[in-house]
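Commentary on secondary and tertiary structure
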Amino acid sequence: MLRRLALAQTRRAHRAARPLSASASSAEEHAPFDFPPPAKDGFVPFDAGDALNVGGRLTEDEQLIRETARSYCQEQLLPRIVAANRHEAFDRAIFREMGALGLLGATIDGYGCAGASSNAYGLIANEVEKVDSAYRSALSVQSSLVMHPIHKFGAEETKERLLPQLAAGELVGCFGLTEPDHGSDPDGMKTKAEFDASTGEYVLNGSKHWITNAPIADVLVVWAKLDGDVRGFVLERSKLAPGMLETPKIEGKFSLRASETGSIFLADARVGPDAILPKAKGLGAPFSCLNSARFGIAWGALGAAEACYDVARRYVGERSPLLRRPVCVFGTQPRRSLGPSSARRSPRTSSSKKSSRTWRRSSRWATAPRSASASSRTRARSTPRC
């Protein structure tokens, strides 16, 4: 008590010594924040198909893109996913189908891309991952990890040559950053690039692991250290001599089975001076690509959660148990906890006095054992019998 009084006196002394300019000297400073009144339609009726009311916050273009992506995913991707997941198979035609609808590189303006908003890109990822995360992963890599760095860091000639084909799905790309020895620590990168002045080419050596789309990629955005700095290179499979590039597939995955995942092995891979991304230097460049991808991943994770909720809701509304009524009409019945075991069944008696005595006896046993032997008896008595 004395300590509290001393603390209160100290606070009062500090307030009294505070200069007038530091205190709230006008009613205007004490006035509450001028928050705008809530919108009349701030609360809308609950829609199980759009629990967060995302549709009410979209522009007309975003709603159209969402409906286009939803129709394609439910009509074209959903029928394929069971067999694709079971057999670890990816149909490359999916990229061309997405490209024809403008779903690849949607936020890029020009070069055959849609030039849509970031929300639109998120909505596309959301609808794709409602079918499967593997398809959303392939989409994210093509849009955020291949087309984005080429558009942001590449030379104009590279953009004009590659982006339209990537947007159409005619070319497939991958992003090579993760390495076998360092995983998520790109600062320990061992892949090296050296400039050969005699030929004017860059020579790359190293390996990458767990790279989505690598086995089928035509364009590889590979990150390597050049003179101690992390630099980005755009490798085109068709321009590399045999033996310079190997991209074996990783078999037997337990997740994302419907996407192509593999490794990248570079052995004296020679590329021209136009292969380097001139505006990308340091780890900030690949990290900006990852930030772009994570935005779509967040939307995709929400789509997966929405899909799980929708499947569970429909299941309990359609499945009929033995009583021929949907599962959703049966509620859970709470059980009274008697003592330390919440799983213990309530006494099957209509006598309230007997139930009360049982509850008091269980509480006394659980809280105040008189001896070690009494405690042992308590545990034995309170253990539920099957």
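So, about the packing of helix 5 (residues 118–129) against helix 8 (residues 284–318). Look at helix 5 against helix 8: their axes get within 7 Å of each other, and the N-to-C directions meet at 45 degrees. With respect to helix 8, the axis of helix 5 lies oblique. As for the relative orientation of helix 5 and helix 8, their crossing is right-handed in sense. Where helix 5 approaches helix 8, its residues Ser118, Asn119, Tyr121, Gly122, Leu123, Ala125, Asn126 and Glu129 are matched on the opposing element by Ser292, Phe295, Gly296, Trp299, Gly300, Ala301, Leu302, Gly303, Ala304 and Glu306. Its residues placed into classes, the contact of helix 5 with helix 8 shows 8 nonpolar, 8 polar and 2 charged.

This brings us to the environment of Ala258. Position of Ala258 relative to the elements: it lies in the loop between strand 8 (245–246) and strand 9 (261–271). C-alpha separation for the pair Ala258 and Tyr135, spaced 123 residues apart in sequence, amounts to 7.0 Å. Apart from residues no more than four positions distant in its own chain, Ala258 is found in contact with Ile81, Ala84, Asn85, Ala89, Phe90, Asp132, Ala134 and Tyr135.

Counting residues in hydrophobic clusters, the biggest one holds 51 residues, and the most contacted among them are Leu77, Met98, Tyr135, Leu166 and Trp223. Of the residues forming this core, the biggest block, 10 residues, is contributed by helix 6 (residues 133–153). Residues in contact with Met98, not counting those within four places in the same chain, are Tyr72, Leu77, Leu103, Leu104, Val128 and Leu139. If you look at the next biggest cluster of nonpolar residues, it comprises 22 residues, including Ala214, Leu240, Met244 and Ala269.

The next thing to look at is the side chain of Thr191. Note on placement: Thr191 falls in the loop between strand 3 (173–176) and strand 4 (192–196). You can call Thr191 buried: its relative accessible area is 0%. Here Glu179 takes part through its side chain, which lies 2.6 Å from a polar atom of the side chain of Thr191. Among all residues touching Thr191, those that are not within four sequence positions of it are Glu179, Asn205, Gly206, Ser207, Lys208, Trp223, Ala224, Lys225 and Leu266.

Moving on, we come to the pattern of salt bridges. Enumeration according to the criterion identifies 21 salt bridges in this entry. A salt bridge links Arg161 to Glu236; its shortest N-O distance comes to 2.4 Å. Here Glu236 lies in strand 7 (residues 229–236) and Arg161 lies in helix 7 (residues 156–168), a separation of 75 residues in the sequence. Put simply, Glu201 and Arg270 hold a salt bridge, and the shortest N to O gap is 3.2 Å.

We now examine the layout of surface pockets. In this structure, the largest pocket occupies an estimated 650 Å³ of space. For the largest pocket, the lining is made up of 24 residues, of which Leu145, Thr178, Trp210, Thr212 and Leu290 are closest to its centre. Every element with two or more residues in the lining of the largest pocket is listed here: helix 6, strand 5 (201–212) and helix 8.

Moving on, we come to the side chain of Glu88. Its place among the elements puts Glu88 in the loop between helix 3 (60–87) and helix 4 (93–100). Leave out the neighbours within four places in its chain, and Glu88 touches Lys249, Ile250, Glu251, Gly252, Lys253 and Arg257.

This next bit is on unusual backbone geometry. For Tyr111, which is not glycine, the phi dihedral falls at a positive 60 degrees. Locating Tyr111 in the fold gives a position in the loop between strand 1 (109–110) and strand 2 (113–114). Phi angles above zero are rare outside glycine, and Asn213 is one such case at about 75 degrees. For Asn213, a relative accessible area of 1% corresponds to the buried category.

Take the environment of Pro273 next. For Pro273, the position within the fold is in the loop between strand 9 and strand 10 (276–281). Given a relative accessible area of 54%, Pro273 falls into the exposed group. Separated by 73 residues in sequence, Pro273 and Gly200 place their C-alpha atoms 6.7 Å apart. With sequence-adjacent residues up to four places away left out, Pro273 is seen in contact with Gly200 and Tyr202.

Thresholds applied
Residues numbered from 1 in each chain as written. Predicted model: local features only at pLDDT ≥ 70, side-chain atom pairs only at ≥ 80, totals over all residues. Heavy atoms only, no water. Axes fitted to C-alpha atoms, helices over the stretch in contact; angles between N-to-C directions. Helix = DSSP H or I, 4+ residues; strand = E, 2+ residues; numbered from the N terminus. Parallel < 35°, antiparallel > 145°, perpendicular 65-115°, else oblique. Left-handed = near helix turned anticlockwise from the far one by under 90°. Contact = heavy atoms within 4.5 Å. Nonpolar A, V, L, I, M, F, W, Y, C, P; charged D, E, K, R; others polar. Core = buried A, V, L, I, M, F, W, Y, C linked by side-chain atoms within 4.5 Å. Buried < 20%, exposed > 50% of the residue type's maximum accessible area, 1.4 Å probe, protein only. Polar contact = N/O pair within 3.5 Å; in protein donor to acceptor, adjacent residues only side chain to side chain. Salt bridge = Lys/Arg side-chain N within 4 Å of Asp/Glu carboxyl O. 1 Å grid on protein atoms, 1.4 Å probe; cavity = no way out; pocket = protein on both sides within 12 Å on 5 of 7 lines; lining within 4 Å. Points joined across faces, edges and corners; volume = space filled by probe spheres on them.

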